[in-house]
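Structural overview
What follows is each chain in one-letter form.
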Amino acid sequence: MRTADLRSAAREVTLRGWAVFHDEDVAAGDTAAMDSLARACGRPSARDGGPLWPVAPRAATGTFSVTSADTGLHTDAQYHERPESRFLLFCVRPAWCGGGLSRLLRTADLLDGLSEAGLDENDPALLERGVWRWRTPEVFRAAARAPSGAHAVIGRRGKVRWRYDNLVATESGLAGTARRFHRHVEDHPATETVSLSAGDVLYCDNSLVLHGRTAFRDPGRLLYRTRLW
Ligand SMILES: [Fe+2]
């Protein structure tokens, strides 16, 4: 992987929110190479499973990275006070079944025309209020408070913090707003589907792009995730 290619990927992330680059050492499952790529992109975070967390099916239930179920569009680490700003997903083995595709939705598209989007009149304002809390996934529970402190879903400059399935809707009215926003997110026509091949690395802004994936059946699918500060 040439430095110039990494620089152009980083520029694409700044402009568009995400980029995909390719590295043969990643296809070979070389974790030392993944670590050095991550260090070239930013400062790897040690939280929530460490700097190289395997995303591979190993449980029937649990957080997204340990099952083969489809996942809703979300930002990572929404249960932390300060989520990491970017992340890398290293694809070692894609699913042979054709599932496990990445889904990406830029918040610029998501927030465009939000008030006419099938939400109630007060929903956008409520999503901007710092009243939303998330439960930390059990596998990471030692690393963060559960539930999280209260934050806005829609922050400044198009930044979003979101995940639906572990949301704690304690205040009245939040559950309805969350359900409507969830539908708006999941049905959004601007969502792009990306198929990662072995050696592909998805480089993504964690607050300006929501990410998710389709379900898959291949027990050998293997990616690694590195979050970056
Ligand atoms: Fe994620």
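Use the structure listed above.
We now turn to the structure provided with this report. (Residues numbered from 1 in each chain as written. Predicted model: local features only at pLDDT ≥ 70, side-chain atom pairs only at ≥ 80, totals over all residues. Heavy atoms only, no water.)

1. Notes on the sheet that holds strand β3 (residues 71-74)
What counts, and what does not: Here the rule is simple: two strands pair whenever DSSP picks up at least two bridges between them. Strands are runs of DSSP state E lasting at least 2 residues, helices are runs of H or I lasting at least 4, and numbering of each runs from the N terminus. Orientation is described by lines fitted to C-alpha atoms, with helices fitted over the stretch in contact, and by angles between N-to-C directions that extend from 0 to 180 degrees. Contacts are residue-level and defined by heavy atoms, with any inter-residue pair within 4.5 Å sufficient.
Across the sheet, which stays open at both edges, the four strands sit in the order β3-β10-β5-β8 with antiparallel pairing between neighbours. The strands lining the two open edges of the sheet, one partner per strand, are β3 and β8 (192-194). Across the sheet, the mean angle from the axis of one strand to that of its neighbour is 20 degrees, orientation sign disregarded. Note: strand β5 (residues 102-106) against strand β10 (residues 209-213), five bridges, orientation antiparallel. Looking at β10, one finds that R106 is bridged to V209. Running at roughly 95 degrees to β3, helix α6 (residues 174-186) makes contact with β3, β5 and β10 of the sheet.

2. Topic: unusual backbone geometry
Let me state the cut-off plainly: Remark: exposure states derive from per-residue accessible area (1.4 Å probe, protein chains only) relative to the maximum for the residue type, with buried under 20%, exposed over 50%, and partly exposed in between.
In this structure, A77 takes a positive phi of about 60 degrees despite not being glycine. On the secondary structure map, A77 appears in the loop between β3 and β4 (86-93). Judged by relative accessible area, A77 falls into the buried class, the value being 1%. With a phi close to 50 degrees, R157 is a non-glycine residue in the positive phi region.

3. As for the packing of aromatic side chains
Selection rule: Pairs were defined over the aromatic rings of Phe, Tyr and Trp, the Trp ring being its six-membered one, requiring ring centres within 6.5 Å. Orientation was assigned from the angle between planes: stacked under 30 degrees, edge-to-face over 60, tilted for the rest. Think of it as a cone above the ring: NZ of Lys or CZ of Arg counts as a charge over the ring if it is within 6 Å of the ring centre and within 35 degrees of the ring normal.
One pass over the structure, following the stated rule, counts four aromatic pairs. Each ring, one from W53 and one from F140, has its centre 5.1 Å from the other, and the planes form 65 degrees; the classification is edge-to-face. Of this pair, W53 sits in strand β2 (residues 53-55) while F140 sits in the loop between β6 (133-134) and β7 (167-168), and the two are 87 residues apart along the sequence. Per residue, the accessibility class of W53 equals that of F140, and both read buried. An aromatic cluster of at least three residues, connected via ring pairs, comprises W162, Y164 and F181. Taking the ring centre of W53 as reference, the NZ or CZ of R58 above it sits at 4.8 Å. Positioned above the aromatic ring of F216, the side-chain terminus of R221 is 4.6 Å from the ring centre.

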